[in-house]
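Residue strings, one per chain:
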Amino acid sequence: MEYGYIMAELQKKDVLPIKKAIKNICKEEDFFYSDVIDYIKGDVSSKMHLTLFYGLIDKEINKNKLNENIRKIKLNNLELGKVFFISGYKNQYKLLCLKVLDKNKELKKVHDTFKKFPYEINVQHKNFKPHLTLAYLKPNFRLNHKINFPTEIKIRKITYDI
């Protein structure tokens, strides 16, 4: 089953320095590509976004109410933290991520507003941890460089997708 998700799309010009940094620290042979899952394809920094909620059951959702909820979201910028890794499925790969800070819990509050819509609880992570996925890497990749990323990135718009 495909699930819907709410995402914060980012300003393209703000994404460019991050894309450039990925190209400086990763070589093509460092990237992991899945034969099974189409979105696991190496450097994904050009499609970088913040997933605010995942697992919405599209066919059961009142789209008017969902869009009304999206219109109420007042987020302009994301404050960025440090780079970290998440282990992928059965440690076949790892995700290079950039932490999104949520000091005032505003992102968590936005996330929670979508729990009133039909969603699959089994695909939700236990704790909402806002981050930007930059790349899927082979499990033996080691980060040997200090990376200087912007400390803030602008949100272009909030959208729903499947």
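In this text the structure is predicted, and so the values were computed from the model without any measurement. (Residues numbered from 1 in each chain as written. Predicted model: local features only at pLDDT ≥ 70, side-chain atom pairs only at ≥ 80, totals over all residues. Heavy atoms only, no water.)

Undergrad: Is there a simple way to think about the pairing of strand S4 (residues 94-101) in this case?
TA: Every regular strand shows the same layout, with side chains that alternate between the two sheet faces. Of all 8 residues in S4, 6 are buried; the element is thus mostly enclosed. The pairing of strand S3 (residues 77-87) with S4 spans 7 bridges and is antiparallel. Counterpart to phenylalanine 85 in the pairing with S4 is leucine 96. The antiparallel hairpin formed by S3 and S4 contains 6 residues in its connecting segment, where lysine 90 sits at a positive phi of about 50°. (Buried < 20%, exposed > 50% of the residue type's maximum accessible area, 1.4 Å probe, protein only. Helix = DSSP H or I, 4+ residues; strand = E, 2+ residues; numbered from the N terminus. Pairing = 2+ DSSP bridges.)

Undergrad: Sorry, what's going on with the packing of aromatic side chains here?
TA: Aromatic ring pairs are described here by two measures, namely the spacing of the ring centres and the angle between the planes. As enumerated under the stated definition, the model contains 8 aromatic pairs in all. Consider the rings of tyrosine 5 and tyrosine 54, whose centres lie 6.5 Å apart with planes at 35°: the pair is tilted. Of this pair, tyrosine 5 sits in strand S1 (residues 4-10) while tyrosine 54 sits in strand S2 (residues 49-56); the two residues are 49 residues apart in sequence, bridging distant segments of the chain. By the ring-pair criterion, three or more aromatic residues cluster together here, those being Phe53, Phe114, Phe117 and Tyr119. (Phe/Tyr/Trp six-rings, centres within 6.5 Å; stacked < 30°, edge-to-face > 60°.)

Undergrad: It is not clear to me how unusual backbone geometry should be interpreted in this structure. Could you clarify?
TA: Trans peptide bonds make up most of the peptide bonds, and negative phi angles are found at most residues other than glycine. Located in the positive-phi region is lysine 90, a residue other than glycine, with phi close to 50°. Checked against the element boundaries, lysine 90 lands in the loop between S3 and S4. The exposure class assigned to lysine 90 is exposed, which follows from its relative accessible area of 65%. Backbone geometry places asparagine 91, a non-glycine residue, at a positive phi of 55°.

Undergrad: Sorry if this is basic, but what is going on with the nonpolar core here?
TA: Grouped together as the largest cluster of nonpolar side chains are 41 residues, with contacts concentrated most on Ile6, Leu52, Leu66, Leu78 and Phe114. Per element, the largest residue contribution to this core is 5 residues, and it comes from helix H1 (residues 12-25). Other than its neighbours up to four places away in sequence, leucine 66 contacts Ile6, Leu56, Ile61, Phe114, Phe117 and Tyr160. Residues Tyr93, Leu95, Cys97 and Tyr136 belong to the second largest nonpolar core, which totals 7 residues. (Core = buried A, V, L, I, M, F, W, Y, C linked by side-chain atoms within 4.5 Å. Contact = heavy atoms within 4.5 Å.)

Undergrad: For this particular structure, what's the right way to read the pairing of S1?
TA: Of all 7 residues in S1, 7 are buried; the element is thus mostly enclosed. Pairing between S1 and strand S6 (residues 152-161): 6 bridges, direction antiparallel. By the bridge assignment, alanine 8 is partnered in S6 with isoleucine 158.

Undergrad: So what exactly am I meant to see when it comes to the pattern of salt bridges here?
TA: Under the criterion given, the structure shown has 9 salt bridges. Lysine 13 is the partner of aspartate 14 in a salt bridge, and the nearest nitrogen-oxygen pair spans 3.5 Å. Judged by relative accessible area, which is 56%, lysine 13 ranks as exposed. Across the salt bridge formed by lysine 108 and aspartate 112, the nearest N and O atoms sit 2.8 Å from each other. Here aspartate 112 and lysine 108 lie together in helix H3 (residues 106-113), a separation of 4 residues that amounts to about one turn. Connected through salt bridges with shared partners, the residues Lys108, Asp112 and Lys115 form a single ionic network. (Salt bridge = Lys/Arg side-chain N within 4 Å of Asp/Glu carboxyl O.)

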